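Results of the structural survey
Below, each chain spelled out in residue letters.
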Amino acid sequence: MEWETVIGLEIHAQLSTVSKIFSGAATAYGAAPNTQACAVDIALPGVLPVMNKGAVERAIKFGLAIGANINRESVFARKNYFYPDLPKGYQISQYELPIVEKGDITIQVGDQEKVVGITRAHLEEDAGKSLHEDFHGMTGVDLNRASTPLLEIVSEPDMRGAAEAVAYAKTMHSLVQYLEICDGNMQEGSFRCDANVSVRPKGTEKFGTRCEIKNLNSFRFLERAIEYEVARQIDILESGGKIIQETRLYDSDKDETRAMRSKEEAFDYRYFPDPDLLPMKLSAEMIAEIRKTLPELPDAKRRRFIQQYGLSSYDAAVLTATKAMAAYFEDVVNKAGAAHAKTAANWVMGDLAGALKRDNLEITHSPVPAGKLAGLVARIADNTISGKIAKEVFEAMWNGEGDADAIIASKGLKQITDSGAIEKIIDGIIAANPDQLAQYRSGKDKLFSFFVGQAMKATQGKANPQQLNDLLKKKLAG
Amino acid sequence: MINSSLKELSAALAAKKISSRELTQAFLDRIAQLNPALNAFITVDAEKSLAQADAADKRLASGQGGPLTGIPVAQKDIFCAKGWRTTCGSKILSNFVAPYDAQVIERFDAAGVVNLGKTNMDEFAMGSSNETSHFGPVKNPWDRLAVPGGSSGGSAAAVAARLAPAATGTDTGGSIRQPAALTGICGIKPTYGVVSRYGMIAFASSLDQGGPMAKSAEDCALLLNAMAGFDTRDSTSLDRAPQDYTRDLQQPLKGLRIGLPKEYFAEGLAPDVARAVEAAIAEYKKLGAQTVEVSLPNTQLSIPVYYVLAPAEASSNLSRYDGVRYGYRAPEYTDLMDMYKKTRAQGFGAEVKRRILIGTYVLSAGYYDAYYLKAQKLRRLIAQDFTEAFRLCDVIMGPTAPTTAFNLGEKSDDPVAMYLSDIYTIAVNLAGLPGMSIPAGFGANGRPVGLQIIGNYFAEAKMLNVAHQYQLATDWHTRMPEGV
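Rules behind the numbers
- Residues numbered from 1 in each chain as written.
- Chains lettered and ligands numbered in written order.
- Predicted model: local features only at pLDDT ≥ 70, side-chain atom pairs only at ≥ 80, totals over all residues.
- Heavy atoms only, no water.
- Helix = DSSP H or I, 4+ residues; strand = E, 2+ residues; numbered from the N terminus.
- Rg over C-alpha atoms; globule rule 2.2 N^0.38 Å.
- Buried < 20%, exposed > 50% of the residue type's maximum accessible area, 1.4 Å probe, protein only.
- Contact = heavy atoms within 4.5 Å.
- Lys, Arg positive; Asp, Glu negative; His and termini not counted.
- Charge placed at Lys NZ, Arg CZ, Asp CG, Glu CD.
- Pairing = 2+ DSSP bridges.
- Axes fitted to C-alpha atoms, helices over the stretch in contact; angles between N-to-C directions.
- Phe/Tyr/Trp six-rings, centres within 6.5 Å; stacked < 30°, edge-to-face > 60°.
- Lys NZ or Arg CZ within 6 Å of the ring centre and 35° of its normal.
- 1 Å grid on protein atoms, 1.4 Å probe; cavity = no way out; pocket = protein on both sides within 12 Å on 5 of 7 lines; lining within 4 Å.
- Points joined across faces, edges and corners; volume = space filled by probe spheres on them.
- Nonpolar A, V, L, I, M, F, W, Y, C, P; charged D, E, K, R; others polar.
- Buried area = accessible area lost by both parts, 1.4 Å probe.
- Salt bridge = Lys/Arg side-chain N within 4 Å of Asp/Glu carboxyl O.
- Polar contact = N/O pair within 3.5 Å; in protein donor to acceptor, adjacent residues only side chain to side chain.
- Right-handed = clockwise from strand over helix to strand, strands pointing away.

Focus on the overall build of chain B
Summing up its helical and strand segments, chain B has 15 helices and eleven strands in all. Computed over the C-alpha atoms, the radius of gyration of chain B is 21 Å, within 12% of the 23 Å expected from 2.2 N^0.38 for a compact globule of 484 residues. The C-alpha extent of chain B, read off along each of the three principal axes, is 65 × 55 × 45 Å. Evaluated residue by residue, chain B yields a buried proportion of 64% over its 484 residues. Partitioning the contacts of chain B with sequence separation of at least 6, the portion at a separation of at least 24 is 76%. On chain B, the mean spot of the 48 positive side-chain charges and the mean spot of the 47 negative ones are 2 Å from each other.

Pasting the structure below:
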């Protein structure tokens, strides 16, 4: 039987507020345990939560960016359960009336575009952390993370495989950073995914029984976990078994998912509206103000890049993956001239991206700023240097040896475009290689590249490649 | 001096006839003498109180004092006060020393009020007799066989026995008004949101409201001036301009329309209480007021609605007492779950556990709609009853409690009978309205009777005016129990 995978994702994006969602304590990552937990965070008797307006604004910004409804009235609810890192014995979240409902986002899978529905996005607080190591059989509790603001983004079950799920997660990851509502740092847990996975016979409508996989803190783990889970479910079904609805944990060391708790063991969270927080009312003015702060969104930028710079859909998607990369690219184009957009795109996605990756640098910290790369692109465009020589110039710029013009001058890398000079070199090579000439002329066309190589060697790669080709062809033909 | 009004004490302090230290010491001496029999205080710390008194004396000496500077006030042990043990009447917080001040305590500090100690109360304010306190029941100063009411029974007894010039209370279903009535003192529960709940340990968040308890309406007005005010740390606090609650005290009552809810004078009201309340109303007519019958048809529903909503909120509010971070933790346990179970089994008393169980049940999947949601709908109907009634009258009057103080142990085995003693007070909390109780004579057994005055939203100044004019014409509020 042929199976179809159905996936919905729940993404927890930590909102980039300076203070917590219900208290004034700092949210900075990495502080000594319990040094960023105030009376409210540790749930002392008598303390009360106060909503952080910055978190609300970020949620609204997100909702507007995905074309969703912003509920003018939304309600905070208590989700009750006992756990040592949950100080109040309940998590403040949104249940029946979330701030954001019904939006969508366009993802790019290979050459295909696909629209994924967003069911809802709601505000909630994070829990603390239980530390099971270093306490000699006991458990430590760090409440620094308690009450950190989260936006939980719940998708429709619209994805049909791990590749789509990863594309969706990456698109969302890019969007929240474009909006500057989340730093997107997955190592620090600022952007986490849970995946609801089920399979069904291809062609059928009814969803299969789903499992929720938790703890997916990288795109690779997301992909691996889904692939493992899909295979597991198909195995069970094909051997006549039944899927049990349960929550499963992905173990990245063993690359497998394993059961955490079944539906029967699921908690009854006893949700009810939090009486400490009145229903949150948003004015049309406030929403309109936030709409004005929306940046150009990745999807719109991608479409504009295709149209304005004549880029391929793929190139445009790569260049708009982050706001910083898109800005860098446009900076290069503005300085080098729009006619050279394609060359600029190749350099940004190619040598620059490679060097950044090699040296583990962010594009905002590139040793070759956009202005310098534009200088290089301009010299390629005006035939001062060839693409090949340009790589050498780029490396020199990367190593801080100055701008393109200075490096070309000091290293004498200027392209040879004088036909007479090139002809002279070709004559010398032909004269020195009579055997190869004879073979070439007897039909061994492949030897053409031998002569190109010899000529380039003689000019240290500086001969204009096009001129060299033309002249060489003519001379070899006799 | 122990019978002096706050205004008189303030004048004496300002005139240097007495120092705050002397005044505080005098009340500390009375506490030392009488508290062993009454059990009105859980924690007394003479050193801390006197240090505050000295600071107040300095302020008075430099002419920086306000109307309450140097006056000692007893604090219900539900308000967190920095450096003070704050137990909420529970074993589970029996070792908890608050590291911060409630907004009410901060405001009193700013006014130069001396904290005279922490008063006894029903555990987590759950009770109507003060018998659920982990620290033992409070005795009614009028008759030590009787309960003082609850949950602010310690504050009520302390004021009635003149162990404190005034005290604070909190009122979730009548916990200021009912003990005030049963001990012959005054107490006002303001409109929900007038007094900040920050630092006031939560029982049922949507109903809890702090307020003053004192000998007279005028004293209550002065105290409310200090207690009330917007607080950004409480999202349910109301952002209103500061009020002077004494501003209308002297207004004559001519033309005042008093609404008498027929449901408050029906079956279940003890005849001696009815007689005292009717006499008080007759007095109001002499003062120029007129009466009109009003109806609050959903009164009977207020108790079942309350006993769904308050336990629901409480079951969640009390989850934080888990033995993990502070408070009592069971001495022996095998694992985390066992630690939770033993800590809470040992740390909470029977009434608190009963309400946690009820609250957990009504919020459970499959029962939520039938109980919690239904109760929320009825809560709106109950509030609507008052809106209708206030179309016809300026204030509503009736008994605060159906009987005078009952005997210790009389209702402790019958929770429903105990719950019914709050029949006239609970609806006011459900509606979020202000309510007040003032002394209005005595019952057949010589125990005090309280007259309840219910106002419309934010009508505190009007209610205090209505109470004050009555107290100018009568002397019930000046009566003091014998033997104290």
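Having put the structure on the table, let's press on.
A word on the sheet that holds strand 7 (residues 112-125) of chain A
Residues and elements named next belong to chain A. One open sheet holds the nine strands; their spatial order is 2-6-7-10-1-11-12-13-14, and the pairing between them is mixed. Only two strands of the sheet have a single neighbouring strand rather than two, namely strand 2 (69-70) and strand 14 (256-262). The pairing of strand 1 (residues 3-14) with strand 11 (residues 191-201) spans eleven bridges and is classified as antiparallel. Following the sheet pairing, Val6 is matched in strand 11 by Ser198. In this fold helix 2 (residues 162-178) packs onto strand 1, strand 6 (100-109), strand 7, strand 10 (149-155) and strand 11, with an angle of close to 115 degrees to the strand it touches most, strand 6. Relative to strand 11, helix 3 (residues 219-238) is tilted by about 25 degrees, and along the sheet it contacts strand 1, strand 11, strand 12 (211-216), strand 13 (246-251) and strand 14.

Examining the packing of aromatic side chains
This model, assessed by the stated rule, comprises 32 aromatic pairs over all chains. For the ring pair Tyr309 of chain A and Phe329 of chain A, a centre distance of 5.4 Å and an interplane angle of 85 degrees mean the geometry is edge-to-face. Placement of the pair is Tyr309 of chain A in helix 5 (residues 298-309) and Phe329 of chain A in helix 7 (residues 323-336), with a sequence separation of 20 residues. By relative accessible area, Tyr309 of chain A is classed as buried at 9%. A residue is classified by how much of its surface remains accessible, and Phe329 of chain A, at 0% relative accessible area, is buried. Judged by centre distance (5.0 Å) and plane angle (40 degrees), the ring pair of Phe124 of chain B and Tyr321 of chain B falls under tilted. Linking Phe124 of chain B in the loop between strand 3 (114-119) and helix 5 (153-160) with Tyr321 of chain B in the loop between helix 9 (299-317) and helix 10 (336-347), this pair joins segments that are 197 residues apart in sequence. When its relative accessible area of 1% is taken as the criterion, Phe124 of chain B is described as buried. Every member of this aromatic cluster is reached through a ring pair, and the members are Tyr81, Tyr95, Phe267, Tyr269 and Tyr271 of chain A. Taking the ring centre of Phe448 of chain A as reference, the NZ or CZ of Lys473 of chain A above it sits at 5.5 Å. The lysine or arginine in question, Lys91 of chain B, covers the ring of Tyr328 of chain B, its NZ or CZ lying 4.9 Å from the ring centre.

A word on the sheet that holds strand 5 (residues 90-94) of chain A
Residue and element names in this part refer to chain A. Strand order in this open sheet of three strands is 5-4-15, and the pairing throughout is antiparallel. Two strands bound the open sheet, and with one partner strand each, they are strand 5 and strand 15 (272-273). When strand 4 (residues 76-80) meets strand 5, the two strands line up antiparallel, connected through five bridges. Of the residues in strand 5, the one forming a bridge with Ala77 is Ser93.

Re the layout of surface pockets
Residues and elements named next belong to chain A. Of the pockets and cavities examined, the second largest pocket occupies roughly 2000 Å³. What lines the second largest pocket is a set of 47 residues, and nearest its centre among them are Lys170, His173, Ser174, Ala321 and Thr322. Only strand 6, helix 2, helix 5, helix 6 (313-319), helix 7 and helix 8 (341-358) provide two or more residues apiece to the lining of the second largest pocket. Per-element tally for the lining of the second largest pocket: the top contributor is helix 2, with ten residues. Split by residue class, the lining of the second largest pocket holds 25 nonpolar, 13 polar and nine charged.

Things to note about unusual backbone geometry
Negative phi characterises most residues that are not glycine, and trans characterises most peptide bonds. Each neighbour pair has its own omega, and for Gly150 of chain B with Ser151 of chain B the value is 10 degrees, a cis peptide bond. Inspection of the secondary structure puts Ser151 of chain B in the loop between strand 3 and helix 5. The phi dihedral of Asp255 of chain A is positive, around 50 degrees, even though this residue is not glycine. As for its placement among the helices and strands, Asp255 of chain A is situated in the loop between strand 13 and strand 14.

Notes on the pairing of strand 1 of chain A
Residues and elements named next belong to chain A. Most of strand 1 is tucked away, with twelve of its twelve residues classed as buried. Neither face of strand 1 is left uncovered, since the one carrying Trp3, Thr5, Ile7, Leu9, Ile11 and Ala13 and the one carrying Glu4, Val6, Gly8, Glu10, His12 and Gln14 both have all their residues buried. Where strand 1 lies against strand 10, five bridges are found, and the strand directions are antiparallel. What sits directly across from Ala13, in strand 10, is Leu151.

Quick notes on the interface of chain B and chain A
Counting residues at the interface gives 37 residues for chain B and 28 residues for chain A. In this assembly, chain B packs against chain A so that about 2700 Å² is buried in total across both faces, 58% of it on carbon and sulfur atoms. Inspection of the chain B/chain A interface yields one salt bridge. A salt bridge links Arg197 of chain B to Asp276 of chain A, with the nearest nitrogen and oxygen atoms 3.0 Å apart. Along the contact surface separating chain B from chain A lie 17 residue pairs in polar contact (both at pLDDT 80 or more). Those elements that provide at least two residues to the side of chain B that touches chain A are helix 9 and helix 10 of chain B.

Section: the environment of Ile454 of chain B
All names here are of chain B. The residue Ile454 is located in strand 11 (residues 448-455) in this model. Sequence separation between Ile454 and Thr400 is 54 residues; the distance between their C-alpha atoms is 9.9 Å. In this structure Ile454 touches Tyr264, Phe386, Phe390, Val395, Ile396, Val428, Leu433, Pro434, Gly435 and Met463, once residues within four positions along its chain are discounted.

Observations regarding the pairing of strand 7 (residues 257-261) of chain B
Residues and elements named next belong to chain B. Among the five residues that make up strand 7, four are buried, leaving the element largely enclosed by the rest of the structure. Bridge analysis of strand 7 against strand 8 (residues 290-294) gives five bridges, and the strand direction is parallel. Within strand 8, the residue paired with Pro261 across the bridge is Val294. Chirality of the crossover, the property in question, places the unit of strand 7, helix 8 (residues 271-286) and strand 8 among those that are right-handed. One ladder, built from two bridges, connects strand 7 with strand 9 (residues 395-399); its direction is parallel.

Observations regarding the pattern of salt bridges
Side chains that differ in charge, positive against negative, can pair when their charged atoms come close. Taken as a whole, this structure holds 57 salt bridges over all chains when the rule is applied. Across the pair Asp299 of chain A and Arg302 of chain A runs a salt bridge whose closest N-O atoms are separated by 3.0 Å. Here Arg302 of chain A and Asp299 of chain A lie together in helix 5, a separation of three residues that amounts to about one turn. Classification of Asp299 of chain A as partly exposed rests on a relative accessible area of 26%. Taking relative accessible area as the criterion, Arg302 of chain A reaches 7% and is therefore assigned buried. Put simply, Glu351 of chain B and Arg355 of chain B hold a salt bridge, and the shortest N to O gap is 2.8 Å. Here the residue Glu351 of chain B and the residue Arg355 of chain B both occupy positions in helix 11 (residues 350-362), the gap between them amounting to four residues, near one helical turn. No difference in accessibility class separates Glu351 of chain B from Arg355 of chain B, as the two residues are buried.

Spatial relationships are all this shows, so hold off on functional conclusions.
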